[in-house]
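Observations on chain architecture
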Amino acid sequence: MPKILVTGSGGQLGLELAALLPWRSHEVVALSREELDVADFGAVRLALEEHSPDIVVNAAAYTNVDGCETETDLAYRVNALGPRNLAQLCEERGHDLLHVSTNYVFDGKSERPYEPFDAPNPISAYGRTKLAGEEYVRQLTNDWYVVRSAGIYGRGHNFVRTMLRLGAERDVLEVKDDEFISPTYAADLAEGIVGVIEGGHYGLYHLTNSGSCSWHEFAKEIFELAGVEVEVVPVPGSEYPLPAARPANGVLSTLGSPELRNWREALEDYLMREKVI
Ligand SMILES: NC(=O)c1ccc[n+]([C@@H]2O[C@H](COP(=O)([O-])OP(=O)(O)OC[C@H]3O[C@@H](n4cnc5c(N)ncnc54)[C@H](OP(=O)(O)O)[C@@H]3O)[C@@H](O)[C@H]2O)c1
């Protein structure tokens, strides 16, 4: 039975991986931030020596996109040096490495969904540190997978939960309609990642639920499915400037990756599992 070590196992994706892997006949060692700080080279070495997994899945990251603009040292340590530590030690010890990355490595100016080999050009500190992490993985290991995803929601802080909270407090909400993504349910992403591992073909993947929408459409769908009556007004993102810039086109082309169901179907399933509907 292949043994998989998951870092960042307290996060949205990490929780789903830890729950799914045993069902798919993998032995799982799930380590949260408290159990393993990926930025600590010595701690990573000890964890790999102790567990000697066949593959490491790095689901750990500093994902506060706006926070990364000011906490750049922390962002670089977690998002770049973390994967560097894992990559160097996985290569030394002969473990495969699957590293999870983001659509925010792109600038969002493309007129079409981004292919895995389109040139990255991050426009935020988060995107730059995540790209640096990808590059360490590609440079320091031979047996790597890099899986980029987008708009993840699951058991954690995310857009769906924020909308449901605000929708309960207000009658009218303004949501940006000039930024596009493929919302992705963390449980589906975990399924896709297991598919990538089982496929055994190393390389770069784009993995999201299928279809795409603006954040405004996403919000409308959340309220419609949840039966919450709230007026969702489309506004340009420029009306709500945030510390970090976001790509206007955050949609990834998933050709060649395991196919995940449409984002609307996934959202409905999530809301049912969360007992919202
Ligand atoms: N969320 C999104 O919309 C999105 C979109 C595209 C790609 N991604 C990528 O997908 C992956 C999973 O994201 P997610 O949504 O599951 O994020 P998440 O819920 O924020 O989970 C990340 C986990 O990493 C942990 N962590 C932070 N610093 C760490 C460190 N130094 N060592 C070990 N663990 C550490 C966090 O712990 P604490 O919470 O205790 O800090 C958290 O449990 C990440 O690589 C992220 O960059 C996310």
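Everything discussed here concerns the structure shown above.
Residues numbered from 1 in each chain as written. Predicted model: local features only at pLDDT ≥ 70, side-chain atom pairs only at ≥ 80, totals over all residues.

1. Side note on the site of the ligand
Inclusion rule: We call a residue near a molecule or strand if the C-beta atom, set from the backbone, is within 6 Å of it. Think of it this way: any DSSP run of H or I at least four residues long counts as a helix, any run of E at least two long counts as a strand, and we number them from the N terminus.
For the ligand, the set of nearby residues contains 28 residues, the closest of which are G8, G11, Q12, R33 and A60. Taken together, the elements giving at least two residues each to the shell around the ligand come down to α1 (12-20), α4 (72-93) and β4 (96-102). Here the shell around the ligand takes three residues from α1, the largest share from any one element.

2. Quick notes on the sheet that holds β4
Using the following cut-off: Whether two strands pair comes down to DSSP finding at least two bridges between them. Convention adopted: a line fitted to C-alpha atoms gives each axis, helices being fitted over their contacting stretch, and angles between N-to-C directions are expressed from 0 to 180 degrees.
Read across the open sheet, the six strands follow the order β2-β1-β3-β4-β5-β10; overall the sheet is parallel. Strand pairing shows two members of the sheet lacking a second neighbour, β2 (27-31) and β10 (203-206), which therefore form its edges. Neighbour-to-neighbour, the strand axes of this sheet turn through a mean angle of 20°, independent of strand direction. Pairing geometry for strand β3 (residues 55-58) and β4, over four bridges, is parallel. If you follow V57 over to β4, its bridge partner there is L98.

3. Considerations on the environment of A219
As a reminder of what qualifies: Our contact criterion uses C-beta atoms placed from the backbone: two residues qualify when those atoms are within 7 Å.
Relative to the assigned elements, A219 resides in helix α8 (residues 215-226). Expressed as a C-alpha distance, the spacing of A219 and W23, which sit 196 residues apart in the sequence, is 32 Å. With residues near it in sequence (within four places) discarded, A219 still touches M163, L173, V175 and V232.

4. Things to note about the packing of helix α6 (residues 159-169) against α8
For the record, the criterion: Working rule for handedness: look at the near helix, and if it is turned counterclockwise from the far one by less than a right angle, call the crossing left-handed; if clockwise, right-handed. All residues other than Ala, Val, Leu, Ile, Met, Phe, Trp, Tyr, Cys, Pro, Asp, Glu, Lys and Arg, Gly among them, are scored as polar; the first ten of these are nonpolar and the last four charged.
Axis separation between α6 and α8 bottoms out at 10 Å; the angle between their running directions is 65°. In this structure, α6 meets α8 at a crossing whose hand is right-handed. Residues F159, V160, M163, L164 and G167 of α6 form the contact with α8, whose own contacting residues are F218, A219, I222, F223 and A226. For the contact of α6 with α8, the class distribution of residues is nine nonpolar, one polar and no charged.

5. Focus on the packing of helix α2 (residues 41-51) against α4
Contact geometry for α2 and α4: axes closest at 10 Å, N-to-C directions at 35°. Where α2 crosses over α4, the two elements pack in a sense that is right-handed. In contact with F41, V44, R45 and L48 of α2, α4 contributes N85, L86, L89 and R93. The class makeup of the residues in the contact of α2 with α4 is five nonpolar, one polar and two charged.

6. A few points about the pairing of β3
For strand β1 (residues 3-7) and β3, the ladder comprises four bridges, and the chain directions are parallel. From the neighbouring strand, V6 faces β3, where its bridge partner is V57.

7. What about helix α9 (residues 263-273)?
Put simply, the rule is: The burial criterion counts other C-beta atoms lying within 10 Å of a residue's C-beta, which is placed from the backbone; the residue is buried at 20 or more, exposed at 12 or fewer, and partly exposed between these limits. The arc in question is the one traced by the directions running from the helix axis out to the C-beta atoms.
Buried residues of α9: W263, A266, L267 and Y270, and no others. End-on view of α9: buried residues confined to an arc of 100°, all on one side of the axis. Of the residues flanking the end of α9, it is K275, one or two places downstream, whose phi is positive at about 60°.

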